[in-house]
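# Descriptive analysis of the structure
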Amino acid sequence: MTDTVLIETRNLTKSFGGLQVLKGVDLQVHQGEAIAIIGPSGGGKSTFLRCLNLLETPDGGDVIFEGQKINQKGTDVDQYRQKMGMVFQHFNVFPHMTVLQNITLAPVLLKKKTPAEAEAQALSLLERIGLLDKKDEYPRKLSGGQKQRLAIVRALAMEPDVMLFDEPTSALDPEMVGEVLSVIRALVKAGMTSVIVTHEMGFAREVADRILFMADGVIVEQGVPAELLDRPRQPRTQEFLSKVL
Amino acid sequence: MTFTTVFQNIIKILTKYWDVFLIKGVSVTLALAAITVFFGAILGALLAIMKMSRLGILRAVVTAFVEVIRGTPLLLQLYIGYFIVPLMVPALEIGTFASIAVALVINSAAYVSEVIRSGIQAVDIGQTEAARSLGLNKSQTMTKVILPQAIKNILPALGNEFVTIIKETSLASTFFVGDLMTSYLVVKGQTYLAFESLIIVGVLYFVLTFVLSKLVGAYERRLKQSD
Ligand SMILES: Nc1ncnc2c1ncn2[C@@H]1O[C@H](COP(=O)(O)OP(=O)(O)OP(=O)(O)O)[C@@H](O)[C@H]1O
Ligand SMILES: [Mg+2]
């Protein structure tokens with residue numbers, strides 16, 4: 001982890017209809033840092049994560065990525081999104097493309113790589129996650145765990161500066177959770193800046209440099225894993241952890 | 001009128017007029033339906049794009065158009081086409097067939113635009129989010145990710161629209177455009193055997209739509225399998 005701030009939010013707010021989901025969230029994510037976000041359902045974790053790459057448009061506050069405020073009129077959002085990989089709970093792999101095409105689509109279309117370069121890179125990514133033999137299959141032939149690993153390398157193919165994970169293992173059968181977590185673990189170990197929304201407390205403790213506890217649209221408490229998970233100070237955190245640990 | 005005489009009359013009519021039904025009627029009906037669905041799909045796609053536009057006024061215009069088309073009888077629209085279209089471009093001396101075809105196309109476009117729009121909206125929103133999160137812009141997302149998936153919803157629905165249009169073109173016989181129902185009018189006028197002619201035309205319509213909807217169904221199942 002370095003001192004460089006990669007993503008910062010300042011007083012981020014967001015409402016859906018009359019419901020205020022984010023009530024002023026401030027966060028600095030440093031380069032190389034792994035942040036886990038935990039908290040009760042409906043607390044705003046996904047909404048916050050989706051505000052970082054502007055899949056949701058915040059109502060107020062700033063999202064600052066690599067020193068640029070990106071949530072304002074006239075910014076080329078697409079360009080910033082290329083540097084922020086996102087992994088979804090339900091994989092969202094492209095069913096009409098082969099495994100290989102899933103990975104090469106964006107780098108080729110967005111002129112980051114020639115088709116030959118993109119394919120070479122995709123093959124080496126697939127090899128890393130043990131899916132090389134599936135390169136010409138369509139996603140319907142893959143298990144949930146395989147789809148999610150594909151979704152992760154599809155994002156990595158854009159060579160992003162940060163990876164955002166929204167409950168990457170929540171939709172998986174228990175026996176497939178491990179294979180996805182180990183891909184994420186390896187990424188974090190290799191220094192990828194990551195923000196991971198998760199219900200896997202053991203995983204958060206193991207890989208995160210910092211855990212945020214988010215509830216009711218605010219970061220209630222944050223700290224290094226041992227501190228936050230073992231000695232929570234806020235009653236709200238204590239109550240949540242007593243239920244899930 | 002016994003069953004036997006009806007049967008004999010049908011045979012008689014068929015021997016003498018089979019080409020009126022089979023060559024002229026069926027081919028005009030199929031051609032009319034094909035023209036309608038083809039141009040209806042193109043115009044319908046344009047309408048669907050307009051309906052999904054960010055411009056409120058454009059959406060309102062399309063919505064109003066679709067509502068008006070759906071809320072008035074096709075026969076009335078055909079009459080309007082019959083009178084209006086030749087007036088609009090008199091130089092082209094557009095004939096009855098073309099005027100009726102234009103009216104059918106406009107009618108079909110209104111329905112098809114809804115088919116296309118719902119086919120697009122049936123694609124999981126997660127697909128759009130995944131594409132956008134990779135940095136694809138709106139139109140790249142639409143052409144590379146959404147449309148290739150939506151087409152699987154849209155094509156079978158277009159096939160069914162084709163089947164429906166085959167039946168609806170019978171209204172065009174009001175203007176003697178030469179379709180299958182016009183064959184009925186012609187043969188009835190010459191033989192005075194209305195019932196028998198109707199039976200023949202009915203069987204032909206049924207065979208056409210039955211076979212085509214089975215084909216569409218089979219095609220649809222094949223698309224489903226490749227999901
Ligand atoms: N697009 C939307 N439209 C309306 N309400 C929404 C929308 N997205 C989220 N919400 C609401 O915002 C609140 C926070 O949702 P969010 O998904 O951010 O919570 P979460 O912390 O990720 O919960 P979970 O652990 O269940 O995923 C919820 O009450 C949810 O119903
Ligand atoms: Mg969530």
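Preceding this paragraph is the structure being described.
Residues numbered from 1 in each chain as written. Chains lettered and ligands numbered in written order. Predicted model: local features only at pLDDT ≥ 70, side-chain atom pairs only at ≥ 80, totals over all residues. Heavy atoms only, no water.

Time to look at empty space enclosed by the protein. Using the criterion set out here, one finds one cavity of 30 Å³ or more in the structure. Looking at the largest cavity, its volume works out to about 30 Å³. Considering the residues around the largest cavity, the lining is formed by R81, Q82, M84, G85, M86, A155, M158 and P160 of chain A together with S133 and L134 of chain B. No other element matches strand β6 (residues 84-87) of chain A, which puts three residues into the lining of the largest cavity. A per-class count over the lining of the largest cavity returns six nonpolar, three polar and one charged. (1 Å grid on protein atoms, 1.4 Å probe; cavity = no way out; pocket = protein on both sides within 12 Å on 5 of 7 lines; lining within 4 Å. Points joined across faces, edges and corners; volume = space filled by probe spheres on them. Helix = DSSP H or I, 4+ residues; strand = E, 2+ residues; numbered from the N terminus. Nonpolar A, V, L, I, M, F, W, Y, C, P; charged D, E, K, R; others polar.)

All names here are of chain A. Taken in spatial order, the four strands line up as β2-β1-β4-β5 in an open sheet, and their pairing is antiparallel. Two strands lie at the open edges of the sheet, namely β2 (19-30) and β5 (68-69), each paired on one side alone. Bridge count between strand β1 (residues 5-16) and β2: nine bridges; the pairing is antiparallel. When the sheet's bridge partners are listed, S15 is paired in β2 with Q20. (Pairing = 2+ DSSP bridges.)

Residues and elements named next belong to chain B. Running from N to C, helix α1 (residues 3-51) and helix α8 (residues 194-225) cross one another at 45°; their axes reach a closest spacing of 9 Å. The angle between the axes of α1 and α8 places the two elements in the oblique class. In this structure, α1 meets α8 at a crossing whose hand is right-handed. Counting all contacts with α1, which are made through V6, N9, I10, I13, L14, F21, L22, V26, T29 and L30, the residues of α8 involved are F195, E196, S197, I199, I200, V201, L204, Y205, L208 and L212. Tallied by class, the residues present in the contact of α1 with α8 amount to 16 nonpolar, three polar and one charged. (Axes fitted to C-alpha atoms, helices over the stretch in contact; angles between N-to-C directions. Parallel < 35°, antiparallel > 145°, perpendicular 65-115°, else oblique. Left-handed = near helix turned anticlockwise from the far one by under 90°. Contact = heavy atoms within 4.5 Å.)

As a further point, take the nonpolar core. The biggest cluster of nonpolar side chains holds 51 residues, and the ones touching the most others in it are I7, I37, F48, F65 and F94 of chain A together with L136 of chain B. Top contributing element to this core by residue count: helix α6 (residues 138-168) of chain B, with five residues. Setting aside residues up to four positions removed in sequence, I7 of chain A forms contacts with L27, Q28, V29, L52, I64, F65, M84 and V162 of chain A. Listed in part, the 35 residues of the second largest apolar core include A34, V87, L142 and V188 of chain A. (Core = buried A, V, L, I, M, F, W, Y, C linked by side-chain atoms within 4.5 Å. Buried < 20%, exposed > 50% of the residue type's maximum accessible area, 1.4 Å probe, protein only.)

In short, geometric facts, not functional conclusions.
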